[in-house]
Amino acid sequence: MTNKAETCWQIQNVRVIDPFRGIDSVEDVFVVNGQIAERATATDCRVINARGLWLVPRLTDMHVHFRDPGLEYKEDLFSGSQAAAAGGFTVVCTMPNTRPVVDIPSLIHWQITRANEIGLVHILPIGAISKGQQGSELADLYQMAEAGAVGFSDDGHPLVDSRIMRAALSYSKTLGRPIIQHAEDPLLAAGGVMHEGSISHQLGLAGAPDEAESVMVWRDVELAGLTGGILHVAHISSPGSLEALDYAKRRGLRVSAEVAPHHLFLTDEAVREWNYNPVTKVNPPLRPDTTRQLLIQAVIKGLITVIASDHAPHHEDEKNQSYKEAPFGISGLETFIGTIFRVFLDAGLLSPLHLFRLITVGPQDVLGLDYPGLIPGASADLTLIDPQVTWTVDGQQFYSRGKNTPLQGTKLKGRPVATMLDGRFTMRDQEVLV
Amino acid sequence: MRDLLTLESLSGQDIGDLLDLAQNMAEILDRPIKKVPTLRGKSIVNLFFEPSTRTRNSFELAAKYLSADVINVQKSGSSVEKGETLWDTARNLSQMAVDAVIIRHQVSGVPQQLAEILDIPVINAGDGSHEHPTQGLLDALTLRQAKGHVAGLKVAIVGDVLHSRVARSDIWALLALGARVSIVGPPSLLPSTYEELGVEVTTDLKEALADADAIQVLRLQKERQSTGEIPSLWEYRLRWGITRKTLQYAKPDAVVLHPGPQNRGVEIDSDVLDSSRSYILQQVRNGVAVRMAVLFRLLGGGHDE
Ligand SMILES: [Zn+2]
């Protein structure tokens, strides 16, 4: 359906922030037939005046839950793809805790095919580590990798059995793909619905201590040492986990970690402020401000190299329960950019180039991918961002089926205004273009 | 005051005023004919999702002494069991022109959540391990009657403080009224962060009871043993049980309270319970008076905006 004019774009006077090449400069970007092109080859281009906007290549969110197959009422691949495009992302990695669990190659294949049909975002599925995420038998990791799985995780179901974890990490080394662990000792965290500390004590809600996470991160780091495997800690959120990560770095192990925007922006005070509304219920839980500051410092120091949303949409009826009964999760794709801008740019803690590394080069490195950046011939996957625009979060406006956000009503500054996938706009001015 | 959800949110002045009002109500209870017409024509729902005959009866009698109509809704057989959400049930009741909802729920925060969606007063009759505000008020009233004042008293709260909504409400009330509070119990059942509130935290019963004017003994949930939080009821009794012997650690005129129901021979011995030190029956009587005061305050005019 594309006509000639639409196959060529000249994005003028845009501030190009390309962490893949380490470039931050104002220039024109040309897109011809879905790829980045040299100025010389481009003729009859549609011109976009992008003065004042930022252009960033291939934003990757390596931790999202699209609930498809099986739980489409929460989110399906289509609504999730729309949310990703609206949030400015061109690549997402979907977690396998669907029904059935994504633990066989055909489901990996199906997700990729379906994403291509939808055409809004590249989906790089993550397969389960264990069959059915039961934690007792390894899934067919090699076959899933062949089918396109970029990593493995039993996210939501921590892998408790140390022997299975050892085996999984051993395999990861041979496949060059990470084991992504939701680190949590289920017995230590049992019953916990928020962070254990003074707020949980005052609210009378059962808490899970920081250590429920960090004891497992320490174990996993030791197992990464034992096996030489590739370990990636999902949504890291506790001081002890950061110590373990630092220890792993010093030993030269292949260990990395991601942090979620909500852990960088909110604290467990939000549970009180929201007056027990389960919109703040997330796992790992929102932590105290001291921990939040440590997480921010760990990002600045380069200990944490990835920010990922842990986008976890739920149906309104499910969140509309008591704090104990409601499911864990925040719908995070569409507030991602605005949140991390608030945390790092408004406070002057990071340069834009450094910040965008965390959602471009960072995840690509963990997953062993090799996007080259905005060089001629590269796929034109890019996002235009207006760094000045201020806007107020309204979950009801989300493309995601999950309207569950504790940022409802929060003013953010900076928002993606256009997303392009393989040279075609998937979103412009907050409207997703199917 | 529109709802009564927590004592945390009330000032010492608010609490003092409620106690004064409750003291007046207590005098009604001494009359041969206890019914006064104050809330005639008002209807109140008792929504109890967790069984508690005593608290439910206490609220029901309080409402009836003030001439209000009361209906009791319990979880079993209610529409909640048929898939209707609690919020739907409450909305439906409020459409039936009910004037207030009294709710007891096993999950912390449910009364607050309910108050956000209802236009009528919501009274928390105990939520999870969060608060039990009328219990906190009745404990404070009992202490005031026993000692003439609350300010300056040292009160020791003994037992499973971590899971106790009674302890939480007591702490807020007692601190607001100027008492000193120490909490004591097994380390696994003690919120260490309470020091931030200005409470003394210790696992040593002797230390907690030293100079105490009053002891609030909490009920020990027997399942704390099966969940591995305490080794045995016997060991618990040896270290934190209130017996004739351990009572000696406190002041000679120290009074003993217990929110009930009691596990005799575990957290408290019968000879202490049945002694002149014990104000437990007075607590029960004050429970009605306090609930009358709260209902009057929320429904009977005298609203201060
Ligand atoms: Zn997770």
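Quick look at the structure, then. Predicted, not measured: the structure shown is a model, and the values here were computed from it. (Residues numbered from 1 in each chain as written. Chains lettered and ligands numbered in written order. Predicted model: local features only at pLDDT ≥ 70, side-chain atom pairs only at ≥ 80, totals over all residues. Heavy atoms only, no water.)

**Concerning the interface of chain A and chain B**
For clarity, the cut-off: For this analysis, residues touch if any pair of their heavy atoms sits within 4.5 Å. When two parts are put together, the accessible area they lose, computed with a 1.4 Å probe and summed over both, is reported as buried area. Two N or O atoms count as a polar contact when they lie within 3.5 Å, although within protein this holds only if one can serve as hydrogen donor and the other as acceptor, and sequence-adjacent residues are included solely when both atoms are side-chain atoms. Secondary structure counts use DSSP, requiring at least four H or I residues in a row for a helix and at least two E residues in a row for a strand, with both numbered from the N terminus. Each residue receives one of three labels: charged for Asp, Glu, Lys and Arg, nonpolar for Ala, Val, Leu, Ile, Met, Phe, Trp, Tyr, Cys and Pro, and polar for the others, Gly being one of them.
At the interface, 17 residues of chain A touch 20 residues of chain B. Buried area between chain A and chain B, both sides added, is near 1,400 Å², and the carbon and sulfur share of it is 52%. It is His-201, Gln-202 and Tyr-276 of chain A in chain A that bury the most area against chain B; as a group they hold 42% of the surface buried on that side. At the surface where chain A touches chain B, the tally comes to twelve residue pairs in polar contact (both at pLDDT 80 or more). Top contributing element to the side of chain A that touches chain B by residue count: helix α5 (residues 198–203) of chain A, with four residues. Across the side of chain A that touches chain B, the residue classes break down as five nonpolar, ten polar and two charged.

**As for the pattern of salt bridges**
Where charged atoms of side chains with opposite charge meet at close range, the side chains can pair. Residue and element names in this part refer to chain A. Definition in use: The salt bridge criterion pairs a side-chain nitrogen of Lys or Arg with a carboxyl oxygen of Asp or Glu, the two atoms within 4 Å. The buried label goes to any residue with under 20% of its type's maximum accessible area, the exposed label to any with over 50%, and the partly exposed label to all in between, with areas taken from a 1.4 Å probe on protein chains only.
The full count for this structure, using the stated rule, is 32 salt bridges over all chains. One salt bridge connects Glu-222 with Arg-251, and the closest N-O pair in it is separated by 3.2 Å. Of this pair, Glu-222 sits in helix α6 (residues 210–227) while Arg-251 sits in helix α7 (residues 239–251), and the two are 29 residues apart along the sequence. For Glu-222, a relative accessible area of 41% corresponds to the partly exposed category. Within the structure, one salt-bridge network assembled from shared partners comprises Asp-210, Glu-213 and Arg-287.

**As for the sheet that holds strand β8 (residues 214–217) of chain B**
Residue and element names in this part refer to chain B. For the record, the criterion: Should DSSP find at least two bridges between two strands, the strands are regarded as paired. Axis definition: a line fit to C-alpha positions, over the contact stretch in the case of helices; interaxial angles, taken between N-to-C directions, run 0 to 180 degrees.
Strand order in this open sheet of five strands is β7-β6-β5-β8-β9, and the pairing throughout is parallel. Strands at the two margins of the open sheet, each flanked by one partner only, are β7 (200–202) and β9 (255–257). Within the sheet, the average angular offset between the axes of one strand and its neighbour, ignoring direction, is 20°. Strand direction decides the pairing type here: strand β5 (residues 154–158) and strand β6 (residues 180–184), joined by five bridges, are parallel. Its bridge partner being in β6, Ala-156 is matched across the sheet by Ser-182.

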